[in-house]
Amino acid sequence: MKNNTKLFSPLKLRGVTLPNRVVLSPLCMYSANSGVASNWQFAHLSTFARGGVGLVFAEATAVEPKGRITPRCLGIWTDEQAEALKPTTEFITSMGSVPGIQIAHAGRKASASPPWDGGKPLRIGDTAWGDPSWEVMGPSAVPLAEGWQTPHVMSEDDIAATINNFASSASRAVTAGFKVLEIHGAHGYLIHSFLSPLSNQRNDAYGGDLKGRMRFAIEVAEAVRASWPNDLPLFFRISAVDNHGWSIEDSVVLSNELKLRGVDVIDCSAGGISGAPAFRAKDDGSPVKTSSDRPLGFQVPYASQIRKGAGVATLAVGRIIEAHQAEKILNDDSADLIGIGRELMYNPFWTLHAAEQLKSEDVLEGWPDQYRWAITRRADLEQGAKNQR
Ligand SMILES: Cc1cc2nc3c(=O)[nH]c(=O)nc-3n(C[C@H](O)[C@H](O)[C@H](O)COP(=O)(O)O)c2cc1C
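Residues numbered from 1 in each chain as written. Predicted model: local features only at pLDDT ≥ 70, side-chain atom pairs only at ≥ 80, totals over all residues. Heavy atoms only, no water.

Here's the deal with the confidence of the model for the protein chain
Here is step 1 of the chain: Taken as a whole, the protein chain shows an average pLDDT of 94; of its residues, 93% reach a score of 70 or greater.
Here is step 2 of the chain: Every residue in residues 277-282 scores below 50 in pLDDT, and together they form 21 contacts with partners more than four places removed in sequence or on other chains. (pLDDT = per-residue confidence, 0-100. Contact = heavy atoms within 4.5 Å.)

Here's what the structure looks like:
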């Protein structure tokens, strides 16, 4: 097959070769029961492997019960939860894709209802969404926004226990069959809340200056790297900027520290530290208020700056919706991987269609046998119909 495209060139990371550069960005599904995956997770994630995505990430998966965003969020703090994910990783692997998982702790943004119920904070003990909701935790007694719980301030013992939870979840992810692991350090959740001066007002070794605020993130990365096999790649998602005291320069410093500790790819997202909608200034200075208002590829410059500044591989994400757009990001050396969320939900066969657009030969090669033979005939029929017109 003719393949001179970057998007469809493989990428080797440690002992794992991704077949192409398309990544399903982690997408919370709020469809687990007490953290155990349901048929929804299997159907949802399998779809993208069937659709040719190179690396399929399972959603933010909590490292302990209090680390879930909602009572319906996925978890990997028990062996039963890891076992329930095995059919999914097996199917993804059988399709030639690579199964990845994002491990996470929601911190002060936990204990909320799903977004289709408004993503509202729940009262402690509320059972409307399954398991009773719980007291949230964070670096300081600073709530996310009005109406949200004031977090329990984490002691050094709480911090050590949480780091252990990240490490043991990484071990369970191995037994579940995942080949790529991502630590969720973005979007205002626990790790990000330690990084940002807005939410971290501690004056001990885990707060204060940049070094202190980075300490928790770095210790999580070190512990996870120690329990995640050496031949498997480790990603770390950050909010490259949060508009509340965490800057792109801070992200370059952090990315470099993470690289030194064995993180292979920085996944460059943004925002989420405050309760208000994430915003950034438009060219005319007015704030961007909704996600659909944001320009295409709005976070790509962060991936590019971090890639150059820290000399580390990056994943670009955020309104990447078109094949040529994705190809250009890679050709410009702005990133090594392309993360896609909503466009893949809209069109799970995006990758196979992108191949058709970017390649000139054997355009159906990537399709599963079960579909390809029939689609080929459909194309013949279509051509015949055109000829008759
Ligand atoms: C329904 C939904 C769920 C999401 N869940 C997660 C998540 O679990 N972890 C995460 O880091 N980001 C999550 N995100 C953010 C996406 O991974 C992605 O970064 C964002 O949607 C921007 O990419 P897009 O414009 O291609 O959708 C979620 C986004 C959506 C729309």
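There is more to say after this.
A look at the packing of helix α4 (residues 156-176) against helix α6 (residues 210-227)
Here is step 1 of the chain: One can describe the packing of α4 onto α6 by two numbers: an axis separation of 8 Å at closest approach and a directional angle of 35°. Crossing of α4 over α6 shows right-handed handedness. From α4, Ile159, Thr162, Ile163, Phe166, Ala167, Ala170 and Ser171 reach across to α6, where they touch Phe216, Glu219, Val220, Ala223, Val224 and Ser227.
Here is step 2 of the chain: Within the contact of α4 with α6, the residues separate by chemical class into nine nonpolar, three polar and one charged. (Axes fitted to C-alpha atoms, helices over the stretch in contact; angles between N-to-C directions. Helix = DSSP H or I, 4+ residues; strand = E, 2+ residues; numbered from the N terminus. Left-handed = near helix turned anticlockwise from the far one by under 90°. Nonpolar A, V, L, I, M, F, W, Y, C, P; charged D, E, K, R; others polar.)

Brief notes about the domain arrangement of the protein chain
Here is step 1 of the chain: Along its sequence, the protein chain is organised into domain 1 (11-358) and domain 2 (362-389).
Here is step 2 of the chain: In this structure, domain 1 and domain 2 have C-alpha centres spaced 38 Å apart.
Here is step 3 of the chain: Each partner contributes to the interface: domain 1 provides five residues, whereas domain 2 provides six residues.
Here is step 4 of the chain: Per-residue buried area on domain 1 facing domain 2 is highest for Arg50, Leu352 and Glu356; these three make up 70% of the total on that side.
Here is step 5 of the chain: The tally of links from domain 1 across to domain 2 stands at zero salt bridges.
Here is step 6 of the chain: On inspection of domain 1 and its partner domain 2, the count reaches one residue pair in polar contact (both at pLDDT 80 or more).
Here is step 7 of the chain: In terms of residue count, the dominant contributor to the side of domain 1 that touches domain 2 is helix α11 (residues 350-358) (three residues).
Here is step 8 of the chain: For the side of domain 1 that touches domain 2, the per-class residue count stands at two nonpolar, one polar and two charged. (Domains from an automatic or database assignment. Buried area = accessible area lost by both parts, 1.4 Å probe. Salt bridge = Lys/Arg side-chain N within 4 Å of Asp/Glu carboxyl O. Polar contact = N/O pair within 3.5 Å; in protein donor to acceptor, adjacent residues only side chain to side chain.)

As for α11
Here is step 1 of the chain: Looking only at α11, the buried set comprises Trp350, Thr351, Leu352, Ala354, Ala355 and Leu358.
Here is step 2 of the chain: The inward-facing, buried residues of α11 contact β3 (22-24), α1 (39-50), α9 (323-331), β12 (337-340) and α10 (342-346). (Buried < 20%, exposed > 50% of the residue type's maximum accessible area, 1.4 Å probe, protein only.)

Quick word on the sheet that holds strand β9 (residues 234-239)
Here is step 1 of the chain: One closed barrel holds the eight strands; their spatial order is β3-β4-β5-β8-β9-β10-β11-β12, and the pairing between them is parallel. The sheet shows a mean angle of 25° between the axes of neighbouring strands, taken without regard to direction.
Here is step 2 of the chain: With three bridges joining them, β3 and β12 adopt parallel strand pairing. The residue bridging Val23 from the neighbouring strand is Gly339, located in β12.
Here is step 3 of the chain: In this fold helix α8 (residues 300-310) packs onto β9, β10 (265-269) and β11 (313-317), with an angle of close to 175° to the strand it touches most, β11. (Pairing = 2+ DSSP bridges.)

As for the site of the ligand
Here is step 1 of the chain: Among the 15 residues in the neighbourhood of the ligand, the closest are listed as Ser25, Pro26, Cys28, Arg319 and Arg342.
Here is step 2 of the chain: His184 is positioned such that a nitrogen or oxygen atom in its side chain is 3.1 Å from an oxygen atom of the ligand.
Here is step 3 of the chain: Within the contact set of the ligand, an oxygen atom lies 2.8 Å away from a backbone nitrogen or oxygen of Gly341.
Here is step 4 of the chain: Considering only residue class, the shell around the ligand consists of six nonpolar, six polar and three charged. (Near = heavy atom within 4 Å.)

A few points about the pattern of salt bridges
Here is step 1 of the chain: Going through the model one piece at a time under the given rule, you end up with 15 salt bridges.
Here is step 2 of the chain: The residue Lys86 makes a salt bridge to Glu83 at a minimum N-O spacing of 3.3 Å.
Here is step 3 of the chain: Overall, the relative accessible area of 27% leaves Lys86 in the partly exposed class.
Here is step 4 of the chain: The closest approach of N and O atoms between Asp336 and Arg307, which form a salt bridge, is 2.8 Å. Placement of Asp336 in the loop between α9 and β12 and of Arg307 in helix α8 is noted, with a sequence separation of 29 residues between them.
Here is step 5 of the chain: Accessibility expressed as a relative area gives 12% for Asp336, which makes it buried.
Here is step 6 of the chain: Salt bridges here are not isolated pairs; linked through shared partners, they connect Arg14, Arg225 and Asp264.

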